[in-house]
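Commentary on secondary and tertiary structure
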Amino acid sequence: MTTRVRFAPSPTGYFHVGSARTALFNWLFARHTGGTYLLRIEDTDAERNREEWVDVINRCLEWLGLSPDEGPFRQSDNATQHTAAVDALIGAGRLYPCACTGDEVQARKRDNKTPGYDGYCRDRGVERGPTTALRFKVPEGTTTVHDIIRGTIEFQNAVIDDFVVAKSSGAVLYNMANVVDDRADRITHVVRGEDHISNTPKQQLIWEALSEATGEHLPLPTYAHLPLLVDAQRKKLSKRKDPVSVEDFRDEGYLADAFVNFLGLLGWSPKGDEQVDRATMIAQFDLADVNQSPAFFDVMKLRSINADYLRAMSLEDFLVAVSPWVDPEPGAWMPTAVEVPWPAERFDAERFRTIAPLVQERVTRLSEVPGMVDFLFLDEPVIDAASWAKAVTGESDAPAILDAAIAAFTSCEFTAAALHEVTLAFTEALGSKLRKVQAPIRVAVTGRSVGPPLFESMELLGRDEVLRRLSVARGAAGAGQ
Ligand code: GLU
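Residues numbered from 1 in each chain as written. Predicted model: local features only at pLDDT ≥ 70, side-chain atom pairs only at ≥ 80, totals over all residues. Heavy atoms only, no water.

1. Here we look at the overall build of the chain
Summing up its helical and strand segments, the chain has 19 helices and 12 strands in all. Radius of gyration (C-alpha) of the chain: 31 Å, far over the 23 Å computed for a compact globule of 481 residues. Principal-axis analysis of the C-alpha atoms places the extent of the chain at approximately 100 × 50 × 40 Å. Intrachain contacts of the chain at a sequence separation of at least 6 include 75% that bridge at least 24 residues. For the chain, the exposed surface amounts to about 22,400 Å²; the carbon and sulfur share of it is 51%. Computed over 52 positive and 69 negative side-chain charges, the inter-centroid distance for the chain is 5 Å. (Helix = DSSP H or I, 4+ residues; strand = E, 2+ residues; numbered from the N terminus. Rg over C-alpha atoms; globule rule 2.2 N^0.38 Å. Contact = heavy atoms within 4.5 Å. Areas by Shrake-Rupley, 256 points an atom, 1.4 Å probe, with all protein chains shown as cover. Lys, Arg positive; Asp, Glu negative; His and termini not counted. Charge placed at Lys NZ, Arg CZ, Asp CG, Glu CD.)

2. Thoughts on the pattern of salt bridges
As enumerated under the stated definition, the model contains 35 salt bridges in all. Where Glu212 meets Arg94, a salt bridge forms, and the shortest distance between an N and an O atom there is 3.6 Å. With a gap of 118 residues between them, Glu212 in helix 6 (residues 200-214) and Arg94 in the loop between helix 3 (79-91) and strand 4 (95-98) connect regions that are remote in the sequence. Judged by relative accessible area, Glu212 falls into the exposed class, the value being 56%. (Salt bridge = Lys/Arg side-chain N within 4 Å of Asp/Glu carboxyl O. Buried < 20%, exposed > 50% of the residue type's maximum accessible area, 1.4 Å probe, protein only.)

3. Here's the deal with the nonpolar core
Ranked by size, the top nonpolar core spans 106 residues in total, and within it Phe15, Phe352, Phe409, Ile441 and Leu470 carry the most contacts. Looking at this core element by element, the count peaks at 9 residues for helix 1 (residues 17-33). Once residues lying within four places of it in the same chain are set aside, the contact partners of Ile441 are Ile401, Leu402, Ala405, Phe409, Phe426, Leu454, Met458 and Leu470. Judged by nonpolar contacts, the second largest core, of 29 residues, contains Phe136, Val172, Trp207 and Ala209. (Core = buried A, V, L, I, M, F, W, Y, C linked by side-chain atoms within 4.5 Å.)

4. Describing the side chain of Ser457
Tracing the backbone shows Ser457 in helix 18 (residues 454-461). Discounting residues that sit within four places of it in the chain, Ser457 has contacts with Ile355, Phe375, Leu376 and Pro452.

5. Concerning the environment of Ala79
On the secondary structure map, Ala79 appears in helix 3. C-alpha of Ala79 to C-alpha of Val172: the two residues are 93 residues apart in sequence and 8.2 Å apart in space.

6. Thoughts on the pairing of strand 6 (residues 142-147)
Residues Thr143, Val145 and Asp147 line the buried face of strand 6, whereas the alternating positions Thr142, Thr144 and His146 sit on a face that is not buried. Across 6 bridges, the pairing between strand 6 and strand 7 (residues 151-156) is antiparallel. Note that in strand 7 the partner of Thr142 across the bridge is Gln156. (Pairing = 2+ DSSP bridges.)

7. A few points about the side chain of Asn26
If you trace the backbone, Asn26 turns up in helix 1. Dropping the residues within four chain positions of it, Asn26 is found in contact with Val5, Arg6, Tyr37 and Val191.

8. Section: the site of the ligand
With respect to spatial proximity, the complete set of residues near the ligand consists of Arg6, Ala8, Pro9, Ser10, Glu42, Tyr174, Asn178, Arg192 and His196. The separation between a nitrogen atom of the ligand and a polar side-chain atom of Ser10 is 2.8 Å. In this structure, His196 approaches the ligand through a side-chain N or O atom, which is 2.7 Å from an oxygen atom. Counted by class, the shell around the ligand contains 3 nonpolar, 3 polar and 3 charged residues. (Near = heavy atom within 4 Å. Polar contact = N/O pair within 3.5 Å; in protein donor to acceptor, adjacent residues only side chain to side chain. Nonpolar A, V, L, I, M, F, W, Y, C, P; charged D, E, K, R; others polar.)

9. Notes on the environment of Thr200
By the element assignment, Thr200 lies in helix 6. Given a relative accessible area of 1%, Thr200 falls into the buried group. As for Thr200 and His82, which are separated by 118 residues in sequence, their C-alpha atoms are 18 Å apart. Ignoring sequence-local partners within four residues, the contact set of Thr200 consists of Val145, Arg192, Tyr223 and His225.

10. Looking at unusual backbone geometry
The linkage connecting Gly71 with the following residue, Pro72, adopts the cis geometry, with an omega of 5 degrees. Note on placement: Pro72 falls in strand 3 (residues 70-74). Phi at Arg186 takes a positive value of approximately 55 degrees, unusual for a residue other than glycine. Considering the arrangement of structural elements, one finds Arg186 in the loop between helix 5 (174-184) and strand 9 (189-193). Despite not being glycine, Arg234 has its phi angle at roughly 65 degrees, a positive value.

11. Quick look at the pairing of strand 4
Neither face of strand 4 is open: one carries Leu95 and Pro97, the other Tyr96 and Cys98, and all of them are buried. When strand 4 meets strand 5 (residues 133-136), the two strands line up antiparallel, connected through 4 bridges. Among the inter-strand pairings, Leu95 is bridged to a residue of strand 5, identified as Phe136.

12. Focus on the sheet that holds strand 5
What the 3 strands build is an open sheet, ordered 4-5-8; its pairing is antiparallel. Every interior strand has two partners, whereas the edge strands, strand 4 and strand 8 (164-166), have only one. Within the sheet, the average angular offset between the axes of one strand and its neighbour, ignoring direction, is 45 degrees. (Axes fitted to C-alpha atoms, helices over the stretch in contact; angles between N-to-C directions.)

13. Digging into the packing of aromatic side chains
Describing an aromatic ring pair means giving the distance of the ring centres and the angle of the ring planes. Applying the stated criterion to the full structure yields 15 aromatic pairs. The interplanar angle of 45 degrees and the centroid separation of 5.9 Å between the aromatic rings of Trp63 and Phe259 together place this pair among those described as tilted. Residue Trp63 is found in helix 2 (residues 51-64), and its partner Phe259 is found in helix 8 (residues 256-264); the two are separated by 196 residues along the sequence. Take Phe259: its relative accessible area is 0%, and that puts it in the buried class. An aromatic cluster is present here, built from Trp63, Phe249, Tyr254, Phe259, Phe262 and Phe297 joined pairwise through their rings. (Phe/Tyr/Trp six-rings, centres within 6.5 Å; stacked < 30°, edge-to-face > 60°.)

This is the structure we're talking about:
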């Protein structure tokens, strides 16, 4: 059997990390089994859907390298089949018109304590009309769902109410449209988030009813419900508290490969090292190995994986990857809401290339890069007030250190090695420690207490500018002893 899976997002908001994980696991399963992965945009809820969210889905999948083998299809293009399926189920006596208003259903629920709909219109012989919805006549018995990850789950049909499949407007609802499309697309495996488990018995009932009504006996798909993503408090990721938009992660400077590697660990793990490329994931991936317990979306772990991927890049690849943050080409893609902190004409590609390997080793995300190198491309360094207070104005030795540095750097050869050497010499003369001596110099020159190695940074900036910045800091540092 050739496997066919689908990723079926609804375009109702930004692209959630949980959706990205679902897309990835579908893709991995298809690749591992030599099957087909298709994309179906479930866009039939006109009130909640927006075209821009469709673009976001396509853009994110492209960024992640998870574009479909078939599609994108639009659920709305399949409206004729949805209506035909509804007609077939009516013909087979599996649906009935319901004239109850929402308020009436609620009122009876309060009085009778029935969960869901109480079946009021089931046998009343209501005529189908412009104000009637269509409900599915849930049969007696049990519905057994076979889930690769969760095993066999039995649902008592008695607790599944007669759910609506089409609204009075004629609009066909999710459970119905989804099944009609899965049948039409010959889907063999439904891989999706566990929030859909309660829909599954309903969808199976529809599937089987359609097989009988149409005589087209298609085998039920096999289900795999992926574990919930949770935050550090073990609570379901919340849009309000947690970072969950894939585009935000991209804009922060996570690499697609690192992000995909991390997503792959949300409910599944490769044998051995967790850091694996796509080929290894494809080779090892099996839905049967997916865990059912909630998966911790650990941003710190994501950062550390990303840092490793950044470090492992060739310099050339790193320069290409970071260019939107430091030297964006006009018209090319740029991270949203990011402004390069220096005027474009001040950027010096050669200088950046020299410092890039040192920066590459020290950042966890590409968005950290401008803050590490801005001192090279701005007339004045951006002074971090806390670092300045600690290392310059609040450090009693700062005047003496800055004086010694100015004296030594005026005459020495201006290379990282020579700067290092003379600094060691005056550190000893001052009876101090290299780390302590570097602090005010670093803040004076770069504005911050962390950044690329100091002596290399100073060599790149050049003697005149280094001395000028040291003098400014010396002036601000006070009289000294
Ligand atoms: N449109 C549904 C969603 O976005 C699809 C669920 C499914 O994969 O069946 O949640």
